[in-house]
Amino acid sequence: MDWGLAASLGRKIARPGPRVTRYTMAQARAELADAAVRAEAPVREVTGLADGLPVPTARILDRSGWIDAAATSMPAMLGENAASSGGGVVGKVAGAQAAGLLAFLSSAILGQYDPFSPDPETGEPGVLMLVAPNIIAVERQLRAVPADFRLWVCLHEVTHRVQFSANPWLAGYMQSNVGVLSGDAGESMNDLVSRLTESLRSGRPREKGMLGVMQLLQTPEQYDAFERVMVLGTLLEGHADHVMDAVGPAQVPTVAAIRQAFDARRQRPQNPIQRLIRALIGMDAKLAQYVRGKAFVDAVVGQVGMAAFNTVWTSPETMPTMAEIGEPDQWIARVL
């Protein structure tokens, strides 16, 4: 894939952010940078993770900056060299397709922790990014207190940084499973059709929408890797949402109103085009991860406490299975 084309074209077609004065944007950027640092201590205290590790600065980006960062992160996650990838017509077509996806997501992403790219200041792996225009747009939609909403967003994203910083094996685990998913199985069309038929008959559980269609086409190895990636994402997002709500009341005065308005925004009706796009890129599955993952973490922490829950970060073997995400007692019985 031509990631350079994906970034340059993505920047050109991305929608502009909300209209703000230079002063307002500068104030928001400064406040987000400060909130990312302030969020670290309460997140570490609640999670019991990353104690003693340095607190790196966050990158405060606009939409174009996020597109550039994502176009660098994706090949790193896939184990590719961004500078040498994407030769030929096929690479450029794929790059143009990726540009559309990056442009669409650039207006939806509030923040992101990228464990695969080096921090531009320290050179250490892992970068926390906050997309200022999107945060401003959402806080306006929700009529939230800006300072409270910005800290609330930072609590979620800093939790991701803490997860990966305290457990360095997670990045490699994610990368290896994504590598299996993106690998070429070298199958013929007859092999593909045969496996598709077998998948339809097998009754194996699948995600909804386009992700479920992808699972139909996967080899057994890819199916297992996909499930591991989905479980990891569900755990990471659910844990971050749990921490947001655990830390929020002491740090964010209007947290209850923010949570209510934010959840209503997630569930608001979409027009047919929006529903199609969300299904194609897996956004609905992503939102489901927050709900399922938080329910799992809430249940386990409620029964055994955070210290025992943190056993989940020990190794791939202590990760929950997809079935255990829905049945936390099964994970407790198996692992604890």
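No experiment lies behind these values; they were computed from the predicted model shown.

(A) Just the overall build of the protein, in detail. When helices and strands are tallied, the protein shows 17 helices and three strands. The burial tally for the protein puts 46% of its 336 residues in the buried class. When contacts within the protein are restricted to residue pairs at least 6 apart in sequence, those whose partners lie at least 24 apart make up 75%.

(B) Focus on the pairing of strand β2 (residues 111-118). Here β2 lies mainly inside the structure; six of its eight residues are buried. Bridge count for β2 against strand β3 (residues 125-131) is five bridges, and the pairing is antiparallel. Residue pairing across strands places Tyr113 opposite Leu128, the latter belonging to β3. Between the antiparallel neighbours β2 and β3 lie six residues, among them Gly123 with a positive phi of about 80°.

(C) Looking closely at the packing of aromatic side chains. The full count for this structure, using the stated rule, is eight aromatic pairs. For the pair Trp169 and Tyr173, a centre-to-centre distance of 5.5 Å together with 65° between the ring planes defines the contact as edge-to-face. Of this pair, Trp169 and Tyr173 both sit in helix α8 (residues 169-182), four residues apart, which is roughly one turn of that helix. On the basis of relative accessible area, Tyr173 is assigned to the buried category, the value being 12%. Note on Phe309 and Trp331: the rings are 6.5 Å apart at their centroids and 50° apart in plane angle, and the pair reads as tilted. Placement of Phe309 in helix α15 (residues 306-309) and of Trp331 in helix α17 (residues 328-335) is noted, with a sequence separation of 22 residues between them.

(D) How the structure looks around the packing of helix α2 (residues 22-38) against helix α7 (residues 146-166). The geometry of α2 relative to α7 is characterised by a closest axis approach of 8 Å and an angle of 45° between their N-to-C directions. When the axis of α2 is compared with that of α7, the two are oblique. Viewed along their axes, α2 and α7 form a crossing whose handedness is right-handed. Where α2 abuts α7, its residues Ala28, Glu31, Leu32, Ala35, Ala36 and Arg38 lie against Ala147, Arg150, Leu151, Cys154, Val158 and Arg161. Residue classes in the contact of α2 with α7 are distributed as eight nonpolar, no polar and four charged.

(E) Representation of the nonpolar core within the structure. Counting residues in each nonpolar core, the largest one holds 63 residues, and the members touching the most others are Leu130, Phe149, Phe309 and Trp313. One finds Trp3, Trp66, Ala70 and Leu102 within the second-largest nonpolar core, a separate group that totals 16 residues.

(F) Broad picture of the pairing of β3. Most of β3 is tucked away, with six of its seven residues classed as buried. With three bridges joining them, strand β1 (residues 59-61) and β3 adopt parallel strand pairing. By the bridge assignment for β3, Leu61 is matched with Val131.

(G) Summary view of helix α4 (residues 63-77). The first and last C-alpha atoms of α4 sit 21 Å apart over 15 residues, in line with the 21 Å expected at 1.5 Å per residue. If you check which residues of α4 are buried, you get Arg63, Gly65, Trp66, Ile67, Ala69, Ala70, Ala71, Ser73, Pro75 and Met77. With a side-chain oxygen positioned 3.3 Å from the backbone nitrogen of Ser64, the residue opening α4 is Asp62.

(H) How the structure looks around the sheet that holds β2. The strand order β1-β3-β2 describes an open sheet built from three strands, whose pairing is mixed. One side of each edge strand has no neighbouring strand; the edge strands of this open sheet are β1 and β2. Averaged over neighbouring strand pairs, the angle between their axes works out to 35° when direction is ignored. In the packing of α4 onto the sheet, the strands contacted are β1, β2 and β3, and the crossing angle to β2 comes to about 45°. Those strands touched by helix α6 (residues 132-142) are β1 and β3, and its axis lies near 45° from that of β3.

Parameters and conventions
Counting of residues starts from 1 at the beginning of each chain's written sequence and follows it residue by residue. Totals for whole chains, interfaces and linings use every residue, but because this is a predicted model, local features are given only for residues with pLDDT of at least 70 and side-chain atom pairs only at 80 or more, for both listing and counting. Working from all heavy atoms in the structure, the side-chain values ignore hydrogens and water. The helix and strand labels rest on DSSP assignments: H or I over at least four residues marks a helix, E over at least two residues marks a strand, and numbering proceeds from the N terminus. Accessibility here uses a 1.4 Å probe with only protein chains present; expressed as a share of the type maximum, an area under 20% marks a residue as buried, one over 50% as exposed, and anything in between as partly exposed. Contact criterion: two residues are considered in contact whenever any of their non-hydrogen atoms come within 4.5 Å of each other. Pairs of strands are assigned from DSSP output, requiring at least two bridges between the strands. The rule is short: rings of Phe, Tyr and Trp, with Trp giving its six-membered ring, pair when the centres are within 6.5 Å, and they are stacked under 30 degrees, edge-to-face over 60, tilted in between. Interaxial angle, 0 to 180 degrees, is taken between N-to-C directions of lines fitted to C-alpha atoms, where a helix line uses only the stretch in contact. The labels follow the angle: roughly parallel below 35 degrees, roughly antiparallel above 145, roughly perpendicular from 65 to 115, and oblique for the rest. Take the far helix as your reference; a near helix turned counterclockwise from it by less than a right angle gives a left-handed crossing, and one turned clockwise gives a right-handed crossing. For this scheme, ten residues count as nonpolar: Ala, Val, Leu, Ile, Met, Phe, Trp, Tyr, Cys and Pro. Four count as charged, namely Asp, Glu, Lys and Arg, and the remainder, Gly too, count as polar. Residues belong to one nonpolar core when they are buried, are Ala, Val, Leu, Ile, Met, Phe, Trp, Tyr or Cys, and are joined through side-chain atoms within 4.5 Å. In a helix, the anticipated span is given by 1.5 Å times the number of residues less one. Under this definition, polar contacts are N or O atom pairs within 3.5 Å; protein pairs additionally need one hydrogen-donor-capable and one acceptor-capable atom, and for neighbouring residues in sequence, both atoms have to be side-chain atoms.

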